[in-house]
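Observations on chain architecture
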Amino acid sequence: MIMIKKFHFFILCVLVAVTLVGTAGQGYGKALSTKDRDRIQCAREKMSILAEIFDVHLANDKKVYPMPPIAKCGPLPAGCRNGQCKIPKWFEEELTRMDSNKVVYTPGEGTSSEVDLWRQAFSNVYLFLDRADKSLDPSQPVVLDQLSRGYVGNRLNLVRALDFLNKDLLRGTQLLVMKDSMDGRARSMLATFELINSEFFSTIESFSSPISQREDKYRKSVMAVVTLANHLFSQFFNTAIPTYPPDPKIYNSNARERSARLLMTLFGAVLAGFAVFLLLENKRDNILAVWAEYKQKSTVWAEDFNRQFVTIDIKYIVFGTIALFAIGGLFMGLIVGGFLGVFVFLLVVFMGGVVSIRMPMAVLDALKKSRGRKINAQLMDSLILLSNSLRSGMDIVQGFELVSRDMQPPIADEFGLVVKNYQLGTPFEKALDGLTERVESRMLSYIVKAIIIQRQVGGNLTVIFSRLVENIREESKLEEKLQAMTAQQKIQSIVVSVMPFVMMLVMFIFNPTQMISFYASPVGIFVFLFCIIWIGIGMQVLKKMGEVRV
């Protein structure tokens, strides 16, 4: 009884295995219907016609081919009439020329011409469709390994032919561009061949897909090749796209058109200017109040510049900044052109106005920091000179006079100004407070505080100066060490800021036309300004990461 059950189980397993094998082998036949097979056969015949048309050994007058019924193949291309297709007149001379272009030499096979490569491409599509048609024949068994290997061979041969057809060859001083042959049809036909190659790969890939998806993928890829083959046939027989450029005269404009364009641009500029005028007139009171406040600030800034021993008119900084932005905006506006160029110019000028308001304070801060660094470099020598003067019996005021006379600017100017203010009646402590206001130096403020405290409560100022000299010397060593340790961050900030512009310059050198067309567009200008802003932010972040305050 147990043996009978085992035998029944073995028979059941065999039947299931046979069913699965039969399903796997016949699935590719069931995936396509009779109507699909008609379309495959039609496309196969079209590829056969194209392969024979490219045969130079067959007489041109014999290249006349009857077409299958329209119901099976669909409408005929414009080059086929009365149910038949024959070699076009324009292709007879083209065929001879293409056959004379010997482009590939293969050992053992000889030299292949351009015509041979096109025939190979059409023949491989024909073989693919013929193999797909035979896989639908119920009288022939389907062996998946043989079928897949056949498709792989078709794809490899097609890729080899397309690789040669897409290359440009140099014959002496003449450049042979095979993509421009057949009155411009070759480019579009090669693009279709690339899509066919992709579908070849999809067909091969369907063999390794899950069983539930295999038939559907196989059908879709095969029918995609059928559709592309029909399109390839139509591309050859229909009217070609000319490869020569159109007549440049059609792009020339006459004087009337140029005058009208100029008038419209000027009219748009006037309208934009009038809109700005109305906006400013509407905010007139607010603008006058801001202007009065700004004039007061400009007076304060002028005094601050004078206290830095710099005589400069604030108007030069403000209007100079606006002028620089206006020049840049004019250049960008001319590149963009039209009313949009006017808008870009006004936008850049507005940005210049906003920046110019803050520019005097930025220049003043930069000047203070620069002057403070120079004074810090002279501070240790000045303290030594002050200490020596006190040891020789001079008072602190005489020591300041000695520093102003023997040291170099800027510390000589600052100490000399303290002495002059004291001689004019200003208390010495008040004159020292003015020194700390003018100079951004932490160590100088410590010295001033030490002098003021000593004059109020007493103490040995010479010892204090000696200790300050030691502190300044140690702090200088520490700052030099920190600068060496943070040099990498500083270099990184410089590289981050410079490298994008270097790469942009390199791209301008290698592809100037495309780069100019991009950066002359509104999107390019926006991207350029956006990148500048974020590069500045990145520089500041890296700079802050490398800063260590002592």
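Just above, that's the structure.
This one's a predicted model, so the numbers in the text were calculated from it and none came from an experiment. (Residues numbered from 1 in each chain as written. Predicted model: local features only at pLDDT ≥ 70, side-chain atom pairs only at ≥ 80, totals over all residues. Heavy atoms only, no water.)

When you go through the chain residue by residue, the secondary structure sums to 20 helices and six strands. Per-residue burial over the chain gives 33% buried out of 550 residues. Of all intrachain contacts in the chain linking residues separated by at least 6 positions in sequence, the fraction that spans at least 24 positions is 68%. Counting only carbon and sulfur atoms, one obtains 63% of the accessible surface of the chain, whose full area is about 33900 Å². (Helix = DSSP H or I, 4+ residues; strand = E, 2+ residues; numbered from the N terminus. Buried < 20%, exposed > 50% of the residue type's maximum accessible area, 1.4 Å probe, protein only. Contact = heavy atoms within 4.5 Å. Areas by Shrake-Rupley, 256 points an atom, 1.4 Å probe, with all protein chains shown as cover.)

Now for a nonpolar patch on the surface. A cluster of nonpolar side chains, Ile491, Ile494, Val495, Val498, Met499, Val502, Met503, Leu505, Val506, Ile509 and Phe510, forms an exposed patch at the surface whose accessible area comes to about 1000 Å². With respect to the helices and strands, the residue valine 495 is situated in helix H18 (residues 487-510). (Patch = residues over 30% accessible without salt bridge, like charges linked within 9 Å, V, L, I, M, F, W, Y side chains within 5 Å. Salt bridge = Lys/Arg side-chain N within 4 Å of Asp/Glu carboxyl O.)

The next point concerns the environment of threonine 203. Take threonine 203: it is sitting in helix H7 (residues 185-206). Assessed through its relative accessible area of 0%, threonine 203 is described here as buried. For the pair threonine 203 and valine 225, spaced 22 residues apart in sequence, the C-alpha separation works out to 9.4 Å. For threonine 203, the contacting residues outside a window of four places in its chain are Phe128, Tyr151, Tyr218, Ser221 and Val222. A polar atom in the side chain of threonine 203 sits 3.0 Å from the side chain of serine 221. (Polar contact = N/O pair within 3.5 Å; in protein donor to acceptor, adjacent residues only side chain to side chain.)

What follows covers the packing of aromatic side chains. Under the criterion given, the structure shown has 18 aromatic pairs. Aromatic pair tyrosine 151 and phenylalanine 207: ring centres 6.1 Å apart, planes at 50 degrees, arrangement tilted. Linking tyrosine 151 in helix H6 (residues 144-165) with phenylalanine 207 in the loop between H7 and helix H8 (211-237), this pair joins segments that are 56 residues apart in sequence. Using a relative accessible area of 15% as the deciding quantity, one classes phenylalanine 207 as buried. Each member of the aromatic cluster is reached from another via a ring pair, and the members are Phe54, Phe91, Trp118, Phe122, Phe193, Phe233, Phe236 and Phe237. (Phe/Tyr/Trp six-rings, centres within 6.5 Å; stacked < 30°, edge-to-face > 60°.)

Turning to the side chain of asparagine 154, a few remarks are in order. The topology assignment puts asparagine 154 in helix H6. For asparagine 154, the residues in contact, after removing those within four places along its chain, are Asn124, Leu127, Phe128, Arg131 and Phe200.

Inspection of the secondary structure puts arginine 131 in helix H5 (residues 114-134). Assessed through its relative accessible area of 27%, arginine 131 is described here as partly exposed. Distance from arginine 131 to leucine 147, taken between C-alpha atoms, is 7.5 Å for residues 16 residues apart in sequence. If we skip the residues at most four places from it in the chain, arginine 131 touches Leu147, Gly150, Tyr151 and Asn154.

Inspection of every chain in the model, using the stated rule, returns nine salt bridges. The partner of glutamate 94 in a salt bridge is arginine 97, and the shortest N-O contact between them spans 2.6 Å. Of this pair, glutamate 94 and arginine 97 both sit in helix H4 (residues 89-100), separated by three residues, roughly a single helical turn. Taking relative accessible area as the criterion, arginine 97 reaches 34% and is therefore assigned partly exposed. Here the residues in one salt-bridge network are Arg37, Arg44, Glu45, Asp130, Asp133 and Lys134, joined through shared partners.

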